[in-house]
Amino acid sequence: MSRTKAFIHNMAASAILQVVNMLSGIIVPRIMLIYYGSEINGLVSSIVQFISYFNIVEAGLGGAVIFSLYKPLADRNVSAISNIVTAAKGLYYKTGVFFSVLVLILASIYPFMVTVTDKSPWQVALLVIILGANGVLDFFVMAKYTTLFTADQRLYVISLANCVQTIFITAIIVILARQQIDIVVLRAILVIVILGKACLIRCYAGRHYAMINYSSETPNYTVLEKRWDVLYLQLLGAVQTATPVVLLTFLAKDLKLVSVYVVYNMVLSGVNGILGIFMNGLQAGFGEIIAKGEISTLHRAYNEFQFIYYNLMGIAFTVTFVTIQPFIRLYTDGITDADYNVPMIAGVFVVSGLLYNLKTPQGMLTLAAGLYREQRVQLTIQSVILLVLGLCLTSEYGIVGVLIAVIASNVFRDVEIPYFVHKFLLRESYINTYKNMILCLSISATVIFFIKQCMSTEVFSYGEWFLYLVQVIAAVVIIFAIKSFILEWNAMQDCLMRIRIKLLKGTK
């Protein structure tokens, strides 16, 4: 399968998944808030974030396996693929045992770290174990297949399996929550669905990768040496993603505040999911280009992707900034056990998301090229900024304080990474990337200002909000299209030419 065709398949499957995830992301939190309350919603979210930290026991194995498989898959070297996958399988089993032990330790400690009104310590402990089951199944069953599919640009398989899983989970939550089923029992039932997905993944792998020997007599551990460099990056990545909820849990000491954070983050996760549609499979595609040394192809593909991504990102976050607060007001209408209507949180959240995604094209290239060790210092500084400012600001300013820390850390990364990528990988001037970043931010800020001045944000129903959303999207898309036509004509022409060639000649 060609890179372009694989990208189309991955993007289509990812689009379907993101639609399902967005619908589920809207339905499930609302159901949780109505039938279980903000405290239980915050409790579940807090536990999930703690468990996410334990994924570091993977020790960078997934990233190292994916990177190591690029060349054997490109060469269709079945023996080399089998040796790598066999080594990964054995290491994943050992890692799964370690992960399980950590979940049990958390289950024995966490109930005494928080106070939950309607749940005893043993119920909280059982909930920790149940929520950790997903990770356990991942390590013991799915991980080796997931890395293989990712490296082989078959992420659409994972996306479709996740789509089926999400539909079933959402339906079960809606049905059982209305029956007032205890949250511990409800989450235990969902484990069955996760197990079903694992079976689907295994069946697909057995059918489409029958030539691969998962028990090779000569497992290749040497190609996985980069895992320790990846481990360090995963540690820092865990700091970036899980720190806000952890800081709010311990410093703010209010699970309801965690619930407020999660509800706003739900919207940003949906936006990130939409942007992720255009990312699925690209890392593997760029990894193949880099592995083959196709430098001119790399430059062209990167410049086209950067142009498309920055325009999509600018549109997405401009629209989100203008429409998020009216949506939150409608979404949390009738929920009185916590204050969700805080415009300041909405604005800071969107700025944080925009600055986080601004570095995505460059970050994707560093991962595709396997430049793990080379980025350790920069990522360490980013994490230190987040932790220090988070510890200083969260107690006093709550969600806004922790988001300011996130923004500061992302600003550092946004400034640093273009220089790194252009110097060590692309070997060309980085000035154009900075110009594209500044242009995207400037246009977004200008559009937001004028829309705020010209359009009212008062909506009183989902129908009115949807009409408002359509109007904002239309205005923002037109403005960004005019911007591209006037200021980025060459880049836009290159992208249009590529699309035209593919439509006329088909994929190669």
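Residues numbered from 1 in each chain as written. Predicted model: local features only at pLDDT ≥ 70, side-chain atom pairs only at ≥ 80, totals over all residues. Heavy atoms only, no water.

**Quick word on the overall build of the protein**
- Of regular secondary structure, the protein possesses 17 helices and zero strands.
- The C-alpha atoms of the protein give a radius of gyration of 23 Å, which matches the 23 Å a tight globule of 508 residues would have.
- A principal-axis box enclosing the C-alpha atoms of the protein has dimensions of 60 × 60 × 40 Å.
- Split into buried and exposed, the 508 residues of the protein put 55% on the buried side. (Helix = DSSP H or I, 4+ residues; strand = E, 2+ residues; numbered from the N terminus. Rg over C-alpha atoms; globule rule 2.2 N^0.38 Å. Buried < 20%, exposed > 50% of the residue type's maximum accessible area, 1.4 Å probe, protein only.)

**Remarks on the nonpolar core**
- Membership of the largest hydrophobic core comes to 73 residues, with the highest contact counts inside it found for F286 and M313.
- Those residues in contact with F286 that sit more than four places away from it in its chain are L298, A301, Y302, F305, M364, L365 and A368.
- Judged by nonpolar contacts, the second largest core, of 68 residues, contains V28, Y36, L43 and L255. (Core = buried A, V, L, I, M, F, W, Y, C linked by side-chain atoms within 4.5 Å. Contact = heavy atoms within 4.5 Å.)

**Things to note about the packing of helix α9 (residues 255–276) against helix α12 (residues 343–357)**
- Interaxial distance between α9 and α12 falls to 10 Å at its minimum, and their mutual angle equals 35 degrees. α12 is crossed by α9, and the crossing has right-handed handedness. Here V260, Y261, Y264, N265, L268, N272 and L275 of α9 come into contact with α12, specifically with I345, A346, F349, V350, G353 and N357. (Axes fitted to C-alpha atoms, helices over the stretch in contact; angles between N-to-C directions. Left-handed = near helix turned anticlockwise from the far one by under 90°.)

**Some points on the side chain of S444**
- Within the fold, S444 resides in helix α15 (residues 431–454).
- The class for S444 is buried, based on a relative accessible area of 4%.
- One polar contact links S444 to T318, side chain to side chain, over a distance of 3.1 Å.
- Residue contacts for S444: discarding those within four places in its chain leaves G314, T318 and F480. (Polar contact = N/O pair within 3.5 Å; in protein donor to acceptor, adjacent residues only side chain to side chain.)

**What about helix α6 (residues 155–178)?**
- The end-to-end C-alpha separation of α6 is 35 Å, in line with the 34 Å expected for 24 residues at 1.5 Å each.
- Looking one or two places after α6, you find Q180, whose phi comes out positive at around 60 degrees. (Expected span 1.5 Å × (residues − 1).)

**Let's talk about the environment of L439**
- Mapped onto the elements, L439 comes out in helix α15.
- Each C-alpha atom of the pair L439 and G314 lies 9.6 Å from the other, and the pair is 125 residues apart in sequence.
- In this view, L439 contacts K483, L487 and E488; residues no more than four positions away in its chain are not counted.

**Things to note about the packing of α12 against helix α14 (residues 376–426)**
- In contact at an axis separation of 9 Å, α12 and α14 are set at 20 degrees when each is read in the N-to-C sense. Viewed along their axes, α12 and α14 adopt a mutual orientation that is roughly parallel. The chirality of how α12 crosses α14 is left-handed. Of the residues in α14, those touching α12 at M344, I345, V348, F349, V351, S352, L355 and Y356 are I399, V400, L403, I404, V406, I407, N410, V411 and D414.
- Here the contact of α12 with α14 is built from residues that sort into 14 nonpolar, two polar and one charged. (Parallel < 35°, antiparallel > 145°, perpendicular 65-115°, else oblique. Nonpolar A, V, L, I, M, F, W, Y, C, P; charged D, E, K, R; others polar.)

**A look at a nonpolar patch on the surface**
- Together, V97, F98, V101, I105, I109, M113 and F250 make up a nonpolar patch on the protein surface, roughly 570 Å² of accessible area in all.
- Looking at the nonpolar patch, the element that brings in the most residues is helix α4 (residues 78–109), giving five residues.
- M113 sits in the partly exposed class, given a relative accessible area of 33%. (Patch = residues over 30% accessible without salt bridge, like charges linked within 9 Å, V, L, I, M, F, W, Y side chains within 5 Å. Areas by Shrake-Rupley, 256 points an atom, 1.4 Å probe, with all protein chains shown as cover. Salt bridge = Lys/Arg side-chain N within 4 Å of Asp/Glu carboxyl O.)

**Brief notes about the packing of aromatic side chains**
- All chains considered together, the criterion is met by 15 aromatic pairs.
- Arranged with centres 5.5 Å apart and planes meeting at 70 degrees, the rings of F50 and Y110 form a pair that is edge-to-face. A residue pair is termed long-range when its members are at least 10 positions apart, and F50 in helix α2 (residues 37–53) and Y110 in the loop between α4 and α5 (121–151) qualify at 60 residues. Across the pair, exposure class does not vary: F50 and Y110 are buried alike.
- Measuring from ring centre to ring centre gives 6.3 Å for Y92 and F139, while their planes differ by 40 degrees; the resulting arrangement is tilted. You can see Y92 sitting in helix α4 and its partner F139 sitting in helix α5, a full 47 residues away along the chain.
- With a relative accessible area of 2%, Y92 lands in the buried category. (Phe/Tyr/Trp six-rings, centres within 6.5 Å; stacked < 30°, edge-to-face > 60°.)

**A short note on the pattern of salt bridges**
- Counted under the stated rule, the structure contains five salt bridges.
- We note a salt bridge from R154 to D152, for which the minimum N-O separation is 3.2 Å.
- A relative accessible area of 22% places R154 in the partly exposed class.
- For E416, the salt bridge is made with R413, and the minimal N-O distance between the two is 2.7 Å. On the criterion of helical spacing, the pair formed by E416 and R413 is a turn pair, its members being three residues apart in helix α14. As far as the burial class goes, E416 and R413 line up, both buried.
- One salt-bridge network, held together by shared partners, links R76, D152 and R154.

**A few points about the confidence of the model for the protein**
- A residue-level look at the protein finds 92% of positions with pLDDT of 70 or above and a mean pLDDT of 84.
- Here helix α17 (residues 489–505) is the element of the protein with the lowest mean pLDDT, 68, and α12 is the one with the highest, 92. (pLDDT = per-residue confidence, 0-100.)

**Topic: unusual backbone geometry**
- Of note, Q180 is a non-glycine position whose phi angle comes to about 60 degrees, a positive value.
- Among the secondary structure elements, Q180 is positioned in the loop between α6 and α7 (183–208).

**Side note on the side chain of Q362**
- In this fold, Q362 is placed in helix α13 (residues 360–368).
- Residue contacts for Q362: discarding those within four places in its chain leaves Y302, Q306, Y310, I417, P418, V421, T433 and M437.

**Considerations on the environment of T380**
- The residue T380 is located in helix α14 in this model.
- What makes T380 partly exposed here is its relative accessible area of 24%.
- In the structure, T380 is positioned 132 residues away from L248 in sequence and 22 Å away in space, judged by C-alpha atoms.
- Look past the residues within four positions of T380 in its chain and what remains in contact with it is Y232 and L236.

**Remarks on the environment of D138**
- By secondary structure assignment, the location of D138 is in helix α5.
- Residues D138 and M313, 175 residues apart in the sequence, show an inter-C-alpha distance of 31 Å.

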